[in-house]
Structures are given as C-alpha cells and as structure tokens.
Amino acid sequence: MLETNPHLTNWVPVAVPMDRWFLWPAPFNYWPAALGPATGMFIFFFKFYDALSNWSAPGSYVMSARRAREEFPQMDADRMKYVVVFYEGAHNDARTNLAIAMTAAQHGACVANYAKVDGIVFDDKGMAVGAKILDMASEGSKPFEVKAKKIIYAGGPFTDGLRQLSEGEKTKPVVNGSGGTHIVLPPYYCPRHLGMVDMSTSRGSFLFFLPWEGYTLVGTTDVKTKPDLHHEVPEDEIQYLVNECEKYLSPSLRVRRKDVMSAWYGIRPLAADPNATGQSDASRDHLISYNKDTDITFVSGGKWTTWREMAEDTVDHILRKNKDLKAKATPTVSLKTPLVGTGKTEFFPEGWNEALAIKLSQHYDVAYDIAQHLVRNYGTRAAEVLEYAPAESVKGSRSGLYKHYPRLYEGAAATTGYPYLEAEVLYAMDKEYAVSPVDILARRTRLAFLNSTAARLALPRVVELMGEKLGWDDARRRAEYEKADRLLNMDFAGPVANKSNAYLRAACAADVKEVFDRIDAKKQGALSREGIESASQELGFPVHGEALDKAMKDMDHHKTGKITFPEFLAWWNSSDESEAFRTKFQHDRTQGRYTPERD
C-alpha cells in the first residue's frame, strides 16, 4: 500500500509506555509477558515484528523516560521506566477505497455505487449467471439485469445477506460482526509525529492513541455485534475510551467528554467457512468459500493490509475450478499498478513525490496547508481539484501572501477551520461518483469523522453546491438535507453525551469535577444531599429516594451531611457501585420500568 498509493499512506511511530517492571494481567493472556518490561522481552518482540515486514518498516527502538518527555510532552513520563517505539502503517481508508475503485474503472472495470443487488439470476440448472440490480440513487428506478460468467460476494460484514439471496433466508450465518468505537480528540492531546498504544487496558485489550488527519484518533473497542449499515455510536464505549485516555497522560492534562469532536462505529467481518472440508480453510486471515450448488464464491474477513492479496486469492480460487477462464488469464499486474493519484499527470509529469505540495502552492498561490491537504488526499490529481474553483470565488487573503479558496467550514475566521474546499465538492461529483451530501462530508472529505458538529454546519452549503450542479429543486434540496442530517446524527456522535441508552456510570475526573463545581456555586468545596441528587442527574444516572439515602451514607464518612469532591468522585467511579447501577438499570429496562429522565 505504501508503494501503490503513497499519498494516502504513511508510517506512524507508536510508543509503548512501560510504567511498571511487572504487568498484570499479562498482555496477550500470555503469562511470561508479565515480565516483559523487566526482561526486555518486548524490545526483542518488536525487533521480531520488524523482521515480519522484511525490514520494510523503520526499525523499532527504545526511548528513555527523559526523551519521552521531550518527544511526547502529553505523556506522564515521570512514571515511565522506559518506552519502546515501533512503526505501524496508517492511511486514509475512505479515499484508499475510492482510489482502488477508480483505478479499476481506469483499467476497464464497470464500477457503480448505490447499486443494490436485489436478486440473483439463475439458469435452468440452478447456477447463478447474473444479478438483478437496483439503482438506489434514483427515485422510481426499476431493477435491471447484469449477466456474468462468475459471481463473487465481497460484502464484508453483509456477506450473509447476499448469501440469503441465493441460498434462502434460512441460510446459516457464517459472518460474525466485531464492532469497534473510535473517537477523535483535538490535536493537542498527541504529538503530530508520534502515537501511543496501551497494550493492557482495563478490558485486557489494546488501545491506540494516534495522530490522524491532523487530529488525535483513539480506539478501538471490540464487541460482538450484528452487522448493519448505520449504527448508533454506543455512549458507554465513548465514555470508556475517554476514561482510558487518562491512564498514561500527564495528570495536568485531563481528557473531558466534551473534547470528543467526533465518534463513530465500525464493523469488521469475522467469517467461518460453511463449505470447509478441513481445518486449514478456517484458519486463514481471510476466507474464500465456493458453493457448488449455486456456483457462487464469497470472500470475507481479512484486513486493509491484505486487500490486494484477498482479491488475487479469490480470482485464483475461481480460475483453479474453471479451466476455460484460466486459459485466458494472464499474470496479475496489481502489485506494480499505482493507484489513482500516484501516476503521472499533465501538471505533475514526474508522478508522485514529496515535493508536490510546494509546486502546487507556488503555481496556484494557495496556502501551503491547503496544498499539503490536497496532495495528501488527491496525489498527482490535486491540481485538477483547484481548477474546479470558480475564478470569481478565489479572493486575495488578508495577508496578501496567497489566494483564498472558499472552504466548506471556515471556523471563526477565514484563516481557520478545516482545509476542505468547496471545489472538492464539485470535483467529487464530476470525478469521484459522489451523489449525496453524506458522500461528500464522510467518504470524499473526512469532515464528519473529524468534527461531527462542523460537518452539520457545513451541510447546508454542501446541499446548495450539489443542488446547483445537479439541478435540484427546493423540495429535493430539503429532502437531501433532512436525509443527510438524519444519517450524520445516527452515524456520528459529538461533544454532547447522550446517556439515554448508557449503563457505564464511570466518568473521567474532569467531567465529574466540572459538574461538581457548577453545582457548588458558592465554592464551599462540598455538596449537600440535594446537590448530589442534581449532580447525578447531570451526569446521566439520576439517584433519588432510598438509593440517594444509601449513597449519602456510603460517601459521608465524617457524618457532616456534606460530600467533598474526592468522596463523590471515588463513590461515583467505584466499580462495585457502577456494577450495581448497571444491574439495576438493566433489570428495570428489561421489565419496562425505567425511563431515562432528561431535561
């Protein structure tokens, strides 16, 4: 990936803090790893990790606590024994996906989005020979047939839904969804050149804390889930990630729930082969399965780093079973084929290189941060994007150093906000198959993933630009706005917590302190029974009546009738109390006796 689409990928050094000589519970559920920090086991482990990539990644190394304080000032380096740093690859996944599709189209593939498979076409022997397709982007469209010699289901977590079209609704599911929540925090929580990973969270899983698209990405959680296209982000998972962030950060740097600029939920398919004849088929990173009754093959599982290998393995799997097709096949060229944005263009005849942003900035008098953004997202096609900016919309900047190209979200002033341009909306409609506002805000630009509030503020302008280009009347514009607003609210959370379906009461200290101080308006340093009741209400888990009496008794160690902040925080986040609350609320909800109280 780093070779075929370098503009969308990069190496990220990731710090592994060692704050103890002995770790328990043991990482990876491997008890010798508990002695990893003391024995240097992790240092050798990451050298072995380097070797797995055939040394293509920069080498891992050890950093002293003193140097960690300089390189990662947000880290609580005073507690660290030392830090191990290794390298991982990062990329802009939505645009990588787009680049793959556009490169395929460039080489002759017929590509269509919003094309729903509505049914499978069979011959008189029951073998699949095509599919019925429905254009979901056009109202009132009718299904049409597409014939094919072979059919592959590559539906990710939705593979079982496709299988039901050809094998019946009672088909045994083979794909389990693994759901993960991610949150985005402001850039000041993480250096731009170094990330961090907690290899032993309170759940015993990994937690990455990484620079991504100019901000701080934290994730992920890992829970079993039923695959669906739009999934509300669980508030408990957001709160869990916020709470875990404090583990290795400096005590002076408190992550707050309202610092979450955006949050989203992703699903990864974990598949088992229903047609397997042995254990070998079930042990692969990705799964390829052939159904001899329908002549359909499906591929599922895998990960981004193996996307090309998955495609090659699937094609090879089909060719081995079809001599006629194999006779026509040629060796794969995908290993040597650069993705769209890497090859030579009229403006960049030399192809991709790290100096493209300088040339773009100088030629178009565009601010360097804008030039960097365009090159990192569009590669050698960045100049084409700027050509879509209407000449009358390009103004001189306040400083006079460069031209100002209208942005989707300006922020408080014309020089602030996000680097996404209005010209990108026009380019995406013409060149990148974008047909809806959410396409623009989430899958062409990444604004919704970085700041869900900014995405909603930019939505009216996106609808306006698309409406002008596509000829939408007022009714269509209103309908597109309402649909996009509904999807953004469903798929992305923001700085305001929604506790209506939450069970995790534990909150980060900064959030509890903010509520406590707001209720303690007279700065007495303590709250009465009524104040505690109000605090519980604001924190999303109201306590009343006998439950409140018991809570006061548990907290009021000095029998003063007043509760200090340390007493309240310790009680609020105590594991026993949180578990009692989760059990009680779960039982009440099951019995239909609990309705969340809201202002």
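About the thresholds
- Residues numbered from 1 in each chain as written.
- Predicted model: local features only at pLDDT ≥ 70, side-chain atom pairs only at ≥ 80, totals over all residues.
- Heavy atoms only, no water.
- Helix = DSSP H or I, 4+ residues; strand = E, 2+ residues; numbered from the N terminus.
- Rg over C-alpha atoms; globule rule 2.2 N^0.38 Å.
- Buried < 20%, exposed > 50% of the residue type's maximum accessible area, 1.4 Å probe, protein only.
- Contact = heavy atoms within 4.5 Å.
- Areas by Shrake-Rupley, 256 points an atom, 1.4 Å probe, with all protein chains shown as cover.
- Lys, Arg positive; Asp, Glu negative; His and termini not counted.
- Charge placed at Lys NZ, Arg CZ, Asp CG, Glu CD.
- Axes fitted to C-alpha atoms, helices over the stretch in contact; angles between N-to-C directions.
- Parallel < 35°, antiparallel > 145°, perpendicular 65-115°, else oblique.
- Left-handed = near helix turned anticlockwise from the far one by under 90°.
- Nonpolar A, V, L, I, M, F, W, Y, C, P; charged D, E, K, R; others polar.
- Pairing = 2+ DSSP bridges.
- Patch = residues over 30% accessible without salt bridge, like charges linked within 9 Å, V, L, I, M, F, W, Y side chains within 5 Å.
- Salt bridge = Lys/Arg side-chain N within 4 Å of Asp/Glu carboxyl O.
- pLDDT = per-residue confidence, 0-100.
- Polar contact = N/O pair within 3.5 Å; in protein donor to acceptor, adjacent residues only side chain to side chain.
- Phe/Tyr/Trp six-rings, centres within 6.5 Å; stacked < 30°, edge-to-face > 60°.
- Lys NZ or Arg CZ within 6 Å of the ring centre and 35° of its normal.

## As for the overall build of the protein chain
Summing up its helical and strand segments, the protein chain has 22 helices and 19 strands in all. Relative to a compact globule of 599 residues, whose C-alpha radius of gyration would be 25 Å, the protein chain shows 27 Å and is just as compact. The dimensions of the protein chain, computed from C-alpha atoms along their principal axes, are 85 × 70 × 60 Å. Looking at the protein chain as a whole, 48% of its 599 residues are labelled buried. Here the analysis covers contacts within the protein chain between residues at least 6 apart in sequence; of these, 64% occur between residues at least 24 apart. Here the protein chain displays about 30,700 Å² of accessible surface, and carbon together with sulfur accounts for 54% of that area. Within the protein chain, one finds 74 positive and 79 negative side-chain charges whose respective centroids are separated by 2 Å.

## Here's the deal with unusual backbone geometry
Following Gly219, the chain continues into Thr220 via a peptide bond in cis, with omega recorded as 0°. Mapped onto the fold, Thr220 is located in the loop between strand 11 (215-219) and strand 12 (223-225). A positive phi angle, near 65°, is found at Tyr433, a position not held by glycine. Tracing the backbone shows Tyr433 in the loop between helix 13 (422-431) and helix 14 (437-444).

## Thoughts on the packing of helix 20 (residues 545-555) against helix 21 (residues 565-572)
Close contact between helix 20 and helix 21 brings their axes to 10 Å; oriented N to C, the two are set at 120°. Here helix 20 is positioned oblique relative to helix 21, judged by the angle of their axes. Like other packed secondary-structure pairs, helix 20 and helix 21 cross with a definite hand, here right-handed. Residues Ala551, Asp554 and Met555 of helix 20 touch helix 21, and the partners they reach there are Glu567, Phe568 and Trp571. For the contact of helix 20 with helix 21, the class distribution of residues is four nonpolar, no polar and two charged.

## Remarks on the sheet that holds strand 14 (residues 286-291)
With mixed pairing, the three strands of this open sheet are ordered in space as 7-15-14. Unpaired on one side and paired on the other, strand 7 (151-153) and strand 14 mark the two borders of the sheet. Taken pair by pair, the neighbouring strands of this sheet meet at an average axis angle of 20°, ignoring direction. As defined by bridge partners, strand 7 adjoins strand 15 (residues 296-301) across three bridges and the pair is classed as parallel. When the bridges of strand 15 are listed, Tyr153 appears paired with Phe298.

## Looking at a nonpolar patch on the surface
On the surface, Phe28, Tyr30, Phe45, Phe48, Tyr49, Leu52 and Phe206 cluster together to form a nonpolar patch covering roughly 710 Å² of accessible area. Looking at the element boundaries, Phe28 is found in the loop between strand 1 (9-18) and helix 1 (36-39). For Phe28, a relative accessible area of 41% corresponds to the partly exposed category.

## Looking at the environment of Phe22
The topology assignment puts Phe22 in the loop between strand 1 and helix 1. Sequence separation of Phe22 and Gly36 is 14 residues, and the distance between their C-alpha atoms is 7.2 Å. Discounting residues that sit within four places of it in the chain, Phe22 has contacts with Ala34 and Leu35.

## Digging into helix 14
By the criterion of burial, helix 14 is predominantly enclosed, with seven of the eight residues buried. By the burial criterion, the buried members of helix 14 are Pro437, Val438, Asp439, Ile440, Leu441, Ala442 and Arg444. Here the buried face of helix 14 lies against helix 4 (93-106), helix 13, helix 15 (447-450), helix 16 (452-470) and helix 17 (474-491).

## Looking at the confidence of the model for the protein chain
Residues at a pLDDT of 70 or more form 92% of the protein chain, whose mean pLDDT is 88. Predicted confidence is poor over residues 412-416, with pLDDT under 50, and the contacts of this stretch with residues over four places away or in other chains come to nine contacts. Note that pLDDT drops below 50 for residues 584-599; the model gives that stretch 22 contacts with residues more than four away or on any other chain.

## Considering the sheet that holds strand 5 (residues 128-135)
Sheet strands associate in pairs through backbone hydrogen bonding, adopting either a parallel or an antiparallel arrangement. Strand order in the open sheet formed by three strands is 4-5-6, and the pairing between neighbours is antiparallel. Two strands close off the open sheet at either side, each with one partner strand: strand 4 (115-122) and strand 6 (144-147). For this sheet the average axis-to-axis angle between neighbouring strands, irrespective of direction, equals 35°.

## Looking at the packing of helix 14 against helix 16
Pairs of packed helices are described in terms of their axes, by the angle between the two and the distance that separates them. Where helix 14 meets helix 16, the closest approach of the two axes is 8 Å, and the angle between their N-to-C directions is 130°. As judged from the angle between their axes, helix 14 and helix 16 are oblique. Here the hand of the crossing between helix 14 and helix 16 comes out right-handed. Residues Pro437, Ile440 and Leu441 of helix 14 pack against Ala455, Ala458, Leu459, Val462, Val463 and Met466 of helix 16.

## Re the side chain of Asp259
Structurally, Asp259 is set in the loop between helix 6 (235-245) and strand 13 (262-271). For Asp259, the side chain forms a polar contact with the side chain of Tyr189, separated by 2.5 Å. Residues within four places of Asp259 in sequence aside, it is in contact with Val184, Leu185, Pro186, Tyr188, Tyr189 and Arg254.

## Regarding the packing of aromatic side chains
Working definition: an aromatic ring pair is given by the centre-to-centre distance plus the angle between the planes. Taken as a whole, this structure holds 20 aromatic pairs when the rule is applied. Centre to centre, the rings of Tyr378 and Tyr427 are 5.6 Å apart; their planes meet at 90°, and the pair counts as edge-to-face. Taken as a pair, Tyr378 in helix 11 (residues 368-378) and Tyr427 in helix 13 lie far apart in primary sequence, 49 residues in all. With respect to burial, Tyr378 and Tyr427 carry one shared label: buried. Each ring, one from Phe568 and one from Trp572, has its centre 5.7 Å from the other, and the planes form 35°; the classification is tilted. Separated by four residues within a single helix, Phe568 and Trp572 lie in helix 21, roughly one turn from each other. Judged by relative accessible area, which is 1%, Phe568 ranks as buried. Its relative accessible area of 0% is what places Trp572 among the buried residues. Aromatic rings pair up to connect Phe516, Phe565, Phe568, Trp571 and Trp572 into one cluster. In this structure, Arg446 packs its charged tip against the face of Phe449, placed 4.3 Å from the ring centre. Lying over the aromatic face of Phe565, Lys513 brings its terminal NZ or CZ to 5.0 Å of the ring centre.

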